[in-house]
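The primary structure of each chain is shown beneath.
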Amino acid sequence: MQRRVYCRAMPGAFEPFRILDFSTRLPGAMATMLLADLGADVIRVESQAQRARRTHPGFLCWDRNKRRVTLDVSTFAGLRDARTLIATADAAIFDDAPGELERLGLDGATICAANPRLLHTWMPPYAPRGRWSELPADELLLSAVTGVARMQPSYAGNPVAIVTPQIGYAHATIAANAIAAGLWERQRSGRGQALTVSGLHAVSAIESGGAITYDGAITRVAGRGSRGGVPHYRLYRCADGEWFFLGSLTAPFFLKALEAIGLTEILTEPGIEGDFMKLFVAPGAELAIARLDAHFATMPRAHWLRILHEAGVPRGPVGRREEWFREETVAANGMRLELEHPVHGRVELPGVPTLFSDTPGAVRGFVQDVALDAVLAERPAAADQPPPPADAPRAAPLAGVKVLDLGAFIAGTYAPTVLANLGADVIKVEPTGGDPFRAYGLSALGHNLGKRSLAMDIKHPEGRAIFEEMVRQSDVVLDNFRMGVRERLGIDYATLAAINPRIITCSVTGYGPKGELSGDPGFDPLMQARSGMMRAQGGEDEPVFHQIAVNDTATAMMAAFAMQAALHAREQTGRGQEVHTSLAAQSVLFQSGELTWYEGREPAPIGGIDFIGPGALRRFYACADGWIALAVPGAEAFQQLALALDHPEWAGRMTAEQALAAPAAGDLAELIGGAFAALPLAEALDRMATRGVPAAPALAPTELFADPWLVENGMFRTVADRTFGNVTCVRAYADWSRSEAGFAFGAPALGEHSREVLARFGVDETAADALIAAGVVAG
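Described in the following lines is the structure provided in the data block. The structure presented is a predicted model; accordingly, all values stated were derived computationally and were not measured.

Another aspect to go through is the packing of aromatic side chains. In this structure the tally under the stated criterion is 25 aromatic pairs. With 5.5 Å between their ring centres and 50 degrees between their planes, Tyr-169 and Phe-590 make a pair best called tilted. Highlighted residues: Tyr-169 in helix H9 (residues 166-189) and Phe-590 in the loop between helix H25 (583-589) and helix H26 (592-595), separated in sequence by 421 residues. With relative accessibility at 1%, the residue Phe-590 sits in the buried group. Measuring from centroid to centroid gives 6.2 Å for Phe-253 and Phe-523, while their planes differ by 85 degrees, and the two rings are edge-to-face.

This next bit is on the sheet that holds strand S20 (residues 578-582). Taken together, the eight strands give an open sheet; going across it, the order is S13-S20-S19-S18-S15-S16-S17-S28, and neighbouring strands pair in mixed fashion. The outermost strands of the open sheet, each flanked by one partner alone, are strand S13 (355-356) and strand S28 (777-778). Two elements, strand S17 (residues 451-456) and S28, share two bridges in a ladder whose sense is antiparallel. Bridge pairing in S28 links Ala-455 to Ala-778. Across the face of the sheet, helix H19 (residues 461-472) comes into contact with strand S15 (402-405), strand S16 (425-430), S17 and strand S18 (476-479) while running at roughly 150 degrees to S17.

Attention now goes to the pattern of salt bridges. Applying the stated criterion across every chain, the model contains 53 salt bridges. Taking the shortest distance from any N to any O, the salt bridge between Arg-452 and Asp-425 comes out at 3.3 Å. Of the two residues, Arg-452 sits in strand S17 while Asp-425 sits in strand S16, which places them 27 residues apart along the sequence. A residue is classified by how much of its surface remains accessible, and Arg-452, at 22% relative accessible area, is partly exposed. A salt bridge links Asp-479 to Arg-486, with the nearest nitrogen and oxygen atoms 3.9 Å apart. Taking relative accessible area as the criterion, Arg-486 reaches 8% and is therefore assigned buried. One salt-bridge network, held together by shared partners, links Asp-21, Arg-44, Glu-46, Arg-51, Arg-54, Asp-63, Lys-66, Arg-68 and Asp-369.

Let's shift gears to helix H34 (residues 765-773). Taking the backbone nitrogen of Thr-766 as reference, a side-chain oxygen 3.3 Å away marks Asp-764 as the first, capping residue of H34. Immediately downstream of H34, the backbone of Gly-775 shows phi near 80 degrees, a positive value.

As a further point, take helix H30 (residues 667-677). For H30, the set of buried residues is Leu-668, Ala-669, Ile-672, Ala-675 and Phe-676. Buried residues in H30, looked at end-on, bunch into an arc of 130 degrees, giving them a common side. Projecting away from the buried face of H30 at angles above 90 degrees are the exposed residues Asp-667 and Glu-670. Looking at the buried side of H30, the elements it contacts are strand S22 (618-623), strand S23 (626-631), helix H27 (635-644), helix H28 (650-653), helix H29 (656-661) and helix H31 (681-690).

Next up on the list: a negative patch on the surface. Taken together, the side chains of Glu-322, Glu-323, Glu-327, Glu-328 and Glu-516 define an acidic patch exposed on the protein surface. Of note, Glu-516 is situated in the loop between strand S19 (504-509) and helix H22 (524-530). Classification of Glu-516 as exposed rests on a relative accessible area of 63%.

Let us now look at the sheet that holds strand S12 (residues 345-349). Sheet architecture is open: three strands sit in the order S11-S12-S21, paired in antiparallel fashion. Among the strands making up the open sheet, the edge pair consists of strand S11 (337-341) and strand S21 (597-598). Note that S11 and S12 share five bridges and pair antiparallel. For Leu-339, the partnering residue across the bridge sits in S12 and is Val-347.

This part takes up unusual backbone geometry. Keep in mind that most residues, glycine aside, have a negative phi and that most peptide bonds are trans. Going from Ala-282 to Pro-283, the amide bond is cis rather than trans, its omega being 0 degrees. Within the secondary structure, Pro-283 is located in the loop between helix H11 (251-261) and helix H12 (284-296). Located in the positive-phi region is Asn-65, a residue other than glycine, with phi close to 65 degrees. Checked against the element boundaries, Asn-65 lands in the loop between helix H3 (58-62) and strand S3 (67-70). A relative accessible area of 10% places Asn-65 in the buried class. The phi dihedral of Asp-610 is positive, around 50 degrees, even though this residue is not glycine. Looking at the secondary structure, you find Asp-610 in the loop between S21 and S22. Judged by its relative accessible area of 17%, Asp-610 is buried.

All right, on to the side chain of Ser-531 then. The topology assignment puts Ser-531 in the loop between H22 and helix H23 (533-538). Residues within four places of Ser-531 in sequence aside, it is in contact with Arg-320, Arg-321, Trp-324, Ser-587 and Gln-591.

On to the pairing of S15, then. Pairing between S15 and S16: four bridges, direction parallel. The partner of Val-403 across the bridge, within S16, is Val-426. Note that S15 and S18 share three bridges and pair parallel. The partner of Leu-404 across the bridge, within S18, is Val-477.

A few words on the packing of helix H17 (residues 414-421) against helix H24 (residues 550-573). For any two helices packed against each other, one specifies the crossing angle of their axes together with the interaxial distance. In the contact formed by H17 and H24, the axes pass within 7 Å of each other and the chain directions differ by 60 degrees. Judged by the angle between their axes, H17 and H24 are oblique. Read as a crossing pair, H17 and H24 show a hand that is right-handed. Across the interface between the two elements, Tyr-414, Ala-415, Val-418 and Leu-419 from H17 touch Thr-553, Ala-556, Met-557, Ala-559, Ala-560, Met-563 and Gln-564 from H24. Among the residues forming the contact of H17 with H24, the class breakdown is nine nonpolar, two polar and no charged.

Packing of H9 against helix H10 (residues 199-206) leaves a shortest axis separation of 8 Å and a crossing angle of 95 degrees. In this view, H9 runs roughly perpendicular relative to H10, as classed from their interaxial angle. Each of Ile-167, Ala-170, His-171 and Ile-174 in H9 lies in contact with H10, whose residues at this interface are Gly-199, Ala-202, Val-203, Ala-205 and Ile-206. Split by residue class, the contact of H9 with H10 holds seven nonpolar, two polar and no charged.

Within the secondary structure layout, Gly-241 lies in the loop between strand S8 (233-237) and strand S9 (243-247). For the pair Gly-241 and Pro-300, spaced 59 residues apart in sequence, the C-alpha to C-alpha distance is 7.8 Å.

Moving on to the nonpolar core. With 215 residues, the main nonpolar core has Leu-641 and Phe-676 as its most contacted residues. Per-element tally for this core: the top contributor is H24, with 14 residues. The residues touching Leu-641, leaving out its near neighbours within four places in the chain, are Leu-617, Leu-630, Val-632, Ile-672, Phe-676, Met-688 and Val-693. Counting 25 residues, the second largest nonpolar core, distinct from the first, contains Met-470, Ile-491, Ile-503 and Ala-768.

Quick notes on the rules
Residues numbered from 1 in each chain as written. Predicted model: local features only at pLDDT ≥ 70, side-chain atom pairs only at ≥ 80, totals over all residues. Heavy atoms only, no water. Phe/Tyr/Trp six-rings, centres within 6.5 Å; stacked < 30°, edge-to-face > 60°. Helix = DSSP H or I, 4+ residues; strand = E, 2+ residues; numbered from the N terminus. Buried < 20%, exposed > 50% of the residue type's maximum accessible area, 1.4 Å probe, protein only. Pairing = 2+ DSSP bridges. Contact = heavy atoms within 4.5 Å. Axes fitted to C-alpha atoms, helices over the stretch in contact; angles between N-to-C directions. Salt bridge = Lys/Arg side-chain N within 4 Å of Asp/Glu carboxyl O. Polar contact = N/O pair within 3.5 Å; in protein donor to acceptor, adjacent residues only side chain to side chain. Arc of directions from axis to C-beta. Patch = residues over 30% accessible without salt bridge, like charges linked within 9 Å, V, L, I, M, F, W, Y side chains within 5 Å. Areas by Shrake-Rupley, 256 points an atom, 1.4 Å probe, with all protein chains shown as cover. Lys, Arg positive; Asp, Glu negative; His and termini not counted. Charge placed at Lys NZ, Arg CZ, Asp CG, Glu CD. Parallel < 35°, antiparallel > 145°, perpendicular 65-115°, else oblique. Left-handed = near helix turned anticlockwise from the far one by under 90°. Nonpolar A, V, L, I, M, F, W, Y, C, P; charged D, E, K, R; others polar. Core = buried A, V, L, I, M, F, W, Y, C linked by side-chain atoms within 4.5 Å.

Dropping the structure here:
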């Protein structure tokens, strides 16, 4: 098969834009990195004190391709200079706590009034308002108050602290999407606006298929430890003590696996009786898990991986981060680079996670200092530019963008869902039998919100002709077929570009277009296993299967961002292009802070089984009627904690430094745990609040939908669904001061809009009836 050559032939997709990065944390830094990788002129704005605090090795990666101006907005001169600089920008990114920007006059309303073309982007760590919104930024606290920590299965039933900052990485990626959409809208309306992408928006993006319910009860497989709750999609330990993940998500894959290992009789056992769906519930799930546990323990891992590979069954060995970063697959797809740093010497860091056939991204170097006067001289201020239109419509940012979604499961089909949330018109073109992921009920629904469904056989000549007409009238086509399938189906970029030269195609694969694994099927947990995520979470105990579909949702968000980048590039070139990304690329990007390496850096943190937190002062504790997340940041807060729990003597027994270094399981943790255990959760939270000790409740999944703070911040909405009735799901991945936000409607039933879509593309009712009767279309 001929492979496309990716080379820099045109300006970067975001090259026309100047973006100011005033952020201080991972999400803002990485969001602007993604824009800078694709050509945006990103200027990092920080004080000397802020620079001194940016010690995490990840900032070497997240600040790449940027220029840096030093100024301090807490001073009169710095604030004045900041406003002057903002007047030359297209977008400015802030991540201050609520109230801080208003105090300095740098809030969206004030700044956009002075610069009506500016996209003012605020990325608060929690949410715009309410009790928990002013807590100091800490992912442990955010995971607690959004239910993420208790959605993660554990053996003991405790909340789990996620070792890698997955919410932070998601916050960055969904913010990059929103910024791209806001700039797209500005190109059409001529006006900027205030954009908010909060920590809650980030959680909404990664839990779109998890934070979803009907009739008040979450319906998903209950956690049985942290290996996985169903036998066909689970971690297994082999005779040599090594682990692998069996990724047979669908019934055909599981049957192949059972045939390959000689255990098909499982399907005839009482409680299963040949019904794949009985593997999801007791007693079938427990019976099959026990049989497979025992069977895989009889031989070493290499034996099972070879057998499953030969049978074409998705599987992934559990490895370590460092090993994965040096794998041939990572290097072949450009996801490991080396640069020379003036202080650290040779630095290894992740590459650009998307491939573009016309306007590829590039890593040009580490952040470079530049004088403020030089930057100001490069561009006119807003006052020197023509005035924008007096008014602009309230349409969603991507209104009018037409997307054909050929994706399935999560990584593929969720990418157009992100675009739908930003206003794109998305048609899910699925087989007449449906996306196989529909078998997973509410999770499938949550990952397909805001679309219309056309169920049609595009391999049939009549279906093919209709599909080609759809391509002529669309902007983007997405798929997540394995390598080579697009060419066999005749829906590769070259073929579709001959139909519509402005079409953009986006392909999502497991392992990227290059390397020895390029043809393998890829599911999220296989990448969790190979990339070291599972091993890092489990530490020296056993690997842990993340409840968050880390690589799936990351890849979907990145694919959505790449499609938007290609739309921006088309504004410059007049033509479409081919875009590619993969789960493998995101398995590196979403560990970029952990994988960025230079001689002498501190090792990245690891967890443990049922990981409750890294230390006595930053972990979860059980109260009399619930769980509390505690995140004590320093010496003064430790003293206040001791007073809040009526134990002032703790501060006399040890220094604050000793307390801050105390392990999560030790004498101090035992003392704190005993004090919290005697308190109701509400009282414990009040005690912490009145002493200024950062803490938050660790919500159970069933508590999310009525939680006052989440309701106050508009996290959820209710939509009507043909199967489940009234469904409560996440509302939006961003909010706007002028544009509409959120999904226009819920998820479609199979073929729910077939007739409507056919009519839109010129097929009359008589012809539609004939297509349905012939089985070409389902509706």
